[in-house]
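Below are the chains, spelled out letter by letter.
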Amino acid sequence: MRKHGSSSSEGGGMWYYHVIAFIIVTIWGGTLVSSKLLIQAGMAEHEIFIARALIAYVAIWPFAPGKLWARTWRDELLFLFIGMLGGSLYFILENFAVGLTLVNNVSFIVSLSPLITVFLARLFWKGMRLSTMLLTGSAIAVVGVGLIIYGGQTDSCGQDNLWGDILALLSALCFGIYSLLVKVLGKGYSSTFITRKLFAYGFLTALPWLLAMPWQFEFARFLQADVLFNLLFLALVASFGCFLMWNVTVGKLGAVVTSNYIYVSPIATVVISYLFLGEQMCLLAYIGSAAVLLGVIIANKDMCDC
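Note that the structure is predicted; figures quoted are calculated from it, not measured.

Trainee: Where do I start with the packing of aromatic side chains in this structure?
Mentor: Describing an aromatic ring pair means giving the distance of the ring centres and the angle of the ring planes. This model, assessed by the stated rule, comprises 24 aromatic pairs. Seen from their ring centres, Trp-28 and Trp-246 are 5.0 Å apart, and the 50° between their planes marks the pair as tilted. Of this pair, Trp-28 sits in helix α2 (residues 15-40) while Trp-246 sits in helix α11 (residues 225-253); the two residues are 218 residues apart in sequence, bridging distant segments of the chain. Seen in terms of ring centroids, Phe-79 and Tyr-189 are 5.2 Å apart; in terms of plane orientation they differ by 75°. Their pairing is edge-to-face. Taken together, the residues span a long stretch of sequence, with Phe-79 in helix α4 (residues 73-100) and Tyr-189 in the loop between α8 (159-185) and α9 (191-206) at a distance of 110 residues.

Here is the structure:
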């Protein structure tokens, strides 16, 4: 009886992590706008991530000092992969996409990463159960994303838009793989240690970009209010705070369930991009947003831990 009560209590406390996941993806919805504003201020796409990762790494170090390396070389290699996939590749590709297409488009396409996570989990972890509710909710959310993308195409679709959408899709693929690797490493390492390694390897794997595109942004301009605010928001709030809590949430809810909340991120992006960038949204996109929310609710009715 005691064992049963403990399990029930633990399950009832999971709502807390669902709330955290919702807040995180809402904040992430605003990061694309901040990145776009920094690009408009003159920062290159890879410069934004390098500065962001360095600040975030310095911020998290006091919370995860001590041990520098993972317990095995295999784990250290996995940390390298999550730093590259969830760090440098994901954000730099996303930043380039933001510069080539609508911010809303990027957010909607990146929100497909939960389905990529499900597909990869099913491919590599044969025992994972894909519930009917999860698949149905994901399908409805994808339809909603499609409606928002279609409704958000207020401008003519030129070559730049196409390449931006492709880069956003590649970014979503990187995040899907990252979510699975974090789940694997989360069984043996703390969330602070994982997050610190993410920033470290993200920063290191971003440095080779400087060989092809040397740093151009003037360091004195970091003191400008708009540049400083957006960069600190990306580094301290969206990277340091959100990634730390995201890794905790993935460990509690699983990669598939947690990643489904990314569907909410485009809705936050739509509102914030309208306020700061003037990007418009039509009736069809509002219908798509409602479908996204409905899909998230349905998908999480029958949770399937990955």
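Trainee: I keep staring at the nonpolar core and nothing clicks. Help me out?
Mentor: Note that soluble globular proteins tend to have their nonpolar side chains buried in a common cluster. By size, the foremost hydrophobic cluster in this structure holds 84 residues, and its most contacted members are Trp-28, Phe-79, Phe-175, Tyr-178, Phe-243 and Trp-246. Ranked by residue count, the leading element in this core is α11, at 12 residues. Filtering out sequence-adjacent residues up to four positions away, Phe-175 remains in contact with Trp-28, Tyr-90, Ser-113, Phe-243, Trp-246 and Ile-262.

Trainee: I tried to follow helix α13 (residues 265-277) on my own but got confused; where do I start?
Mentor: Counting along an α-helix, one turn takes 3.6 residues, and residues three or four places apart therefore face a common direction. Here α13 is 13 residues long and its end C-alpha atoms lie 17 Å apart, about the 18 Å a rise of 1.5 Å per residue gives. Taken as a whole, α13 has its buried residues at Ser-265, Pro-266, Ala-268, Thr-269, Val-270 and Ser-273. Taken together, the buried residues of α13 touch α2 and α5 (103-110). Directly after α13, the chain includes Gly-278, whose backbone phi takes a positive value near 75°.

Trainee: I would appreciate a short explanation of the packing of helix α3 (residues 45-60) against α11 in the present structure.
Mentor: Angle between the axes and distance between the axes: these two values describe a pair of packed helices. α11 packs onto α3 with a crossing angle of 55° between their chain directions and a minimal axis gap of 8 Å. One finds that α3 runs oblique with respect to α11. Every pair of crossing elements has a handedness; the one defined by α3 and α11 is right-handed. Where α3 abuts α11, its residues Ile-48, Ala-51, Arg-52, Ile-55, Ala-56, Ala-59 and Ile-60 lie against Leu-231, Leu-232, Leu-234, Ala-235, Leu-236, Ala-238, Ser-239, Phe-240 and Leu-244. Partitioned by chemical class, the residues of the contact of α3 with α11 number 14 nonpolar, one polar and one charged.

Trainee: I keep staring at the pattern of salt bridges and nothing clicks. Help me out?
Mentor: Taken as a whole, this structure holds two salt bridges when the rule is applied. With its nearest N and O atoms 3.2 Å apart, the salt bridge here joins Asp-75 to Arg-74. For Asp-75, a relative accessible area of 12% corresponds to the buried category. The shortest N-O distance in the salt bridge between Glu-76 and Lys-197 comes to 2.6 Å. A residue pair is termed long-range when its members are at least 10 positions apart, and Glu-76 in helix α4 and Lys-197 in helix α9 qualify at 121 residues. Note on Glu-76: relative accessible area 5%, which makes it buried. Take Lys-197: its relative accessible area is 4%, and that puts it in the buried class.

What counts and how
- Along each chain, residue indices are assigned from 1 in the same order as the chain's sequence is written.
- Per-residue local features of the predicted model are confined to residues with pLDDT of at least 70, and side-chain atom pairs are confined, for both listing and counting, to 80 or more; whole-chain, interface and lining totals are unaffected and use all residues.
- Side-chain numbers come from the whole structure's heavy atoms, not from hydrogens or water.
- When the centres of two rings from Phe, Tyr and Trp lie within 6.5 Å, Trp using its six-membered ring, the rings pair. Their planes under 30 degrees apart give stacked, over 60 give edge-to-face, and anything left gives tilted.
- Runs of H or I in DSSP of at least four residues are treated as helices and runs of E of at least two as strands, each being numbered from the N terminus.
- Definition used in this section: a nonpolar core is a set of buried Ala, Val, Leu, Ile, Met, Phe, Trp, Tyr and Cys residues joined via side-chain atoms within 4.5 Å.
- Exposure classes here rest on a 1.4 Å probe applied to the protein chains alone. A residue is buried below 20% of its type maximum, exposed above 50%, and partly exposed in between.
- Contact criterion: two residues are considered in contact whenever any of their non-hydrogen atoms come within 4.5 Å of each other.
- A helix is expected to reach a length of 1.5 Å times the quantity of its residues less one.
- Comment: axis = line fitted to C-alpha atoms, over the contacting stretch for helices; angle = value between 0 and 180 degrees taken between N-to-C directions.
- Each angle receives one of four descriptions, namely roughly parallel if under 35 degrees, roughly antiparallel if over 145, roughly perpendicular if within 65 to 115, and oblique otherwise.
- Two helices crossing with the near one rotated counterclockwise from the far one by less than a right angle form a left-handed crossing, whereas a clockwise rotation gives a right-handed crossing.
- Residue type decides the class: Asp, Glu, Lys and Arg count as charged, Ala, Val, Leu, Ile, Met, Phe, Trp, Tyr, Cys and Pro as nonpolar, and the leftover types, Gly among them, as polar.
- For this document, the term salt bridge refers to a Lys or Arg side-chain nitrogen within 4 Å of an Asp or Glu carboxyl oxygen.

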